[in-house]
Amino acid sequence: MSSERSHKAEKVIERMGKKLTRQIVGSLAACVHCGMCTDSCHYVLANPDDPTYAPAYKADRIRKLFKSHYDWTGKVFPWWVGAKSVYTDKDLEELKDTVFGKCTNCRRCSINCPMGVDLATFNRMARGLLVHVGIMPEGIAHVAKEQWEIGNQMGILREDYLETIEWQEEELQEEMNDPAAKIPVDRMDANIVYTINPREVKHDPRSILDAAKIFYAAGEDWTMPGEGWDMTNFALFNGDDDLGGAVANRIYDKIEELRGKRLVISECGHGYRSTRCEGPNWGKRDINDFEIESSVITMLRYIKEGKIKVDKSKNPGIYTFHDSCNNARSCGMTEEPRELLSLVVKDFREMYPNRAENYCCTGGGGAMSMPEYRERRLKSGKIKADQLNATGANIVVTSCHNCVDGLADLIGHYKLGMKVTQLVNLVANALVLDRKSIGGGNGKKPAEANPALSGIITP
Ligand code: SF4
Ligand code: SF4
């Protein structure tokens, strides 16, 4: 390596060699620059005259580095294959602007590439290389630090978390008119251990209450964990696999300690993908002792099994559904939320394109933590705003807390006059809570049917 190269540039190159997987090398090698992915990117649609937003151009910023150091073609014919290394910290800052500021890792270009090039995967790798040498947006550094040191992305202290649960438990008792209604914490051997996004504690405690109402109505034996309750994982955004493993194992360890039978993840695209799909790899862990399920599936199951009853007339309005990129494109969860939504609202109108072809809310990939890119993010959201507007709906439903914030920002910016909500809120609102329905129709309140459900256990 050149002695003129900065220490950070040398470290980035060295670490790239350790992070190249067969999947990433395949994607780096396979691009034929056909341009078929170009129009799939929301940044391109908003900036048609700026080639630096094209997925293939962005991918080439990383590919050139790969060719320069880890591909024989780049060593023999560097001018032919466009090999180009990084030398200065300024080069790394420019790379940062591309990988953090011009891509939300939404994977829409990936599924539209005939060669199977998955830019989002190696864009995430490139983020991780920069994070390793301390080059990243300030917000990214801050959130990762909170998750490393305090155990959740929003730095919520344990006493504040428990206090919020107690507050929501009081609300539950009042709304259910049942002083025995509980939000259990650290109950051993529960059927369900329910994990949440810290945003619910800090900004949306109503979602915790709504989930509790649904579990109450179903007569479920459930608990929330006292620790390891944050099912989000910022490693998906900052590319730090060490953080990914530590966060995932924190959750898995807790479920095993509680001997929980099923880990249920509240509505969050990146939390679901991280905890269910990526976490076992990052944490080098086999999950054999419990199942992992999205709360969307849990709620749908309850209705289908007759454990809860719902009345869709309780949710008036015109609804549309926004697919989270992580749920739809990366986890294939497209039909369950629609089935559930159609059971709890009367007027549901599809947004086009939808499912795996849906456009990003623009809040993905940690974008909401990077205010320096807000202007270009909102500009890139024009296609999403047009999509929303064309539905004629006044309420957009999404199964992702990140999307709630991304969509709300767009709705405000483009003055769409819509509201954003989640399925848990609609299901809770549609519940039929007469005595015959609660607990699957045994005529008893949950604590009457099963006295074990009335105790709250806090260590
Ligand atoms: S990433 Fe795929 S679709 Fe895009 S230019 Fe390369 S080969 Fe073509
Ligand atoms: S992953 Fe999404 S944001 Fe990134 S280049 Fe592809 S389409 Fe654009």
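Remember, predicted model here, so these are calculated numbers, not experimental data. Residue numbers here run from 1 along each chain, matching the order of that chain's written sequence. Naming scheme: in the order in which they are written, chains are lettered from A and ligands are numbered from 1. A pLDDT threshold of at least 70 governs which residues receive local features in this predicted model, and a stricter bar of 80 or more applies before side-chain atom pairs are shown or counted, although totals over entire chains, interfaces and linings include all residues. Hydrogens and water molecules were not included; the side-chain quantities draw on all heavy atoms of the structure.

What follows is about the site of ligand 1. The environment of ligand 1 is formed by C31, V32, H33, C34, G35, M36, C37, A56, C113, P114, M115 and V117. Only protein atoms enter the 1 Å grid, on which a cavity is a set of points fitting a 1.4 Å probe that cannot get out and a pocket is an open set with protein on both sides within 12 Å along at least 5 of 7 lines, lining residues being those with an atom within 4 Å of a point. For a cavity or pocket, the test is whether more than half of a molecule's atoms lie within 2 Å of its grid points; if they do, the molecule sits there. More than half of the atoms belonging to ligand 1 lie within 2 Å of the grid points that define the largest cavity. Under this grouping Gly is polar, as are all residues other than the nonpolar Ala, Val, Leu, Ile, Met, Phe, Trp, Tyr, Cys and Pro and the charged Asp, Glu, Lys and Arg. Looking at the shell around ligand 1 residue by residue, the classes come out as 10 nonpolar, 2 polar and no charged. If a single non-hydrogen atom of a residue is within 4 Å of a molecule or strand, that residue counts as near it.

Bringing empty space enclosed by the protein into the picture now. Grid points are joined across faces, edges and corners, and a volume is the space filled by probe spheres set on the points. All told, the structure shown has 6 cavities of 30 Å³ or more when counted by the stated rule. Its volume calculated, the largest cavity comes out at about 140 Å³. Every residue lining the largest cavity is counted, 19 residues in all, and those nearest its centre are C31, C37, A56, C113 and V117. We count a stretch as a helix when DSSP gives it H or I for four or more residues in a row; a strand needs E for two or more, and each element gets its number in order from the N terminus. Counting residues per element, the ones that place at least two in the lining of the largest cavity are helix 4 (55-70) and helix 8 (108-111). The biggest single contributor to the lining of the largest cavity is helix 4, with 4 residues.

This part covers the domain arrangement of the chain. Start and end positions for the domains come from either an automated domain assignment or a database one. Split by domain assignment, the chain resolves into domain 1 (7-136), domain 2 (158-307 + 435-454) and domain 3 (312-430). The distance between the C-alpha centroids of domain 1 and domain 2 comes to 37 Å. Reported buried area values correspond to the accessible surface (1.4 Å probe) lost by two parts on association, with both partners' losses combined. Taking both partners together, domain 1 and domain 2 bury about 650 Å²; carbon and sulfur atoms supply 37% of that area. A per-residue breakdown of the area domain 1 buries against domain 2 is headed by K19, R124 and V131, which together make up 61% of the total. Within this document, salt bridges are pairs made up of a side-chain nitrogen of Lys or Arg and a carboxyl oxygen of Asp or Glu, the two lying within 4 Å of each other. Viewed at the interface, domain 2 and domain 1 are joined by 2 salt bridges.

Further remarks concern the confidence of the model for the chain. With 94% of its residues at a pLDDT of 70 or more, the chain shows a mean pLDDT of 95. The pLDDT score gives, residue by residue, the confidence of the prediction method on a 0 to 100 scale. Contacts are assigned to residue pairs with any non-hydrogen atoms lying within 4.5 Å of each other. Low pLDDT (under 50) marks residues 454-459, which in the prediction has 17 contacts with non-local residues, meaning those over four places away or in another chain.

Another point: the nonpolar core. Buried residues of nine kinds, namely Ala, Val, Leu, Ile, Met, Phe, Trp, Tyr and Cys, make up a nonpolar core once their side-chain atoms join them within 4.5 Å. In this scheme, a residue with accessible area under 20% of its type's maximum is buried, one over 50% is exposed, and one in between is partly exposed, where area comes from a 1.4 Å probe on protein chains only. Residues Y161, Y194, I214, M224 and I308 are the most contacted members of the largest nonpolar core, which totals 63 residues. Among the elements that make up this core, the one with the highest residue count is helix 13 (residues 205-218) (9 residues). If we skip the residues at most four places from it in the chain, M224 touches Y161, I165, I183, P184, V185, D186, Y194, I196 and I208. The next biggest cluster of nonpolar side chains, apart from the first, holds 43 residues, and it includes A9, F122, M125 and I140.

All right, on to a nonpolar patch on the surface then. Each patch is assembled from residues with relative accessible area greater than 30% and no salt bridge, linking like charges that lie within 9 Å and nonpolar side chains (Val, Leu, Ile, Met, Phe, Trp, Tyr) that lie within 5 Å. Note on areas: Shrake-Rupley, 1.4 Å probe, and residue coverage restricted to the protein chains presented here. Taken together, the side chains of W72, V76, F77, W79 and W80 make up a nonpolar region of the molecular surface, amounting to roughly 710 Å² of accessible area. Within the secondary structure, W79 sits in helix 6 (residues 78-81).

For the rest of this paragraph, the subject is the environment of G365. Examined against the element boundaries, G365 turns out to sit in the loop between strand 6 (347-348) and helix 20 (374-380). Once the C-alpha coordinates of G365 and C325 are considered, the two residues, 40 residues apart in sequence, prove to be 9.8 Å apart. Filtering out sequence-adjacent residues up to four positions away, G365 remains in contact with T104, R127, F237 and M370.

Below, the discussion takes up the layout of surface pockets. Of the voids in this model, the largest pocket is the one considered here, and its volume is about 800 Å³. T121, R124, R273, E278 and W282 are the residues nearest the centre of the largest pocket, which is lined by 43 residues in total. For the lining of the largest pocket, the secondary structure elements donating two or more residues are helix 1 (7-19), helix 2 (22-30), helix 9 (119-132), helix 14 (235-238), helix 15 (241-258), helix 16 (269-282), helix 18 (325-330) and helix 22 (401-413). In terms of residues, the lining of the largest pocket owes the most to one element, helix 9, which gives 8 residues. Considering only residue class, the lining of the largest pocket consists of 15 nonpolar, 18 polar and 10 charged.

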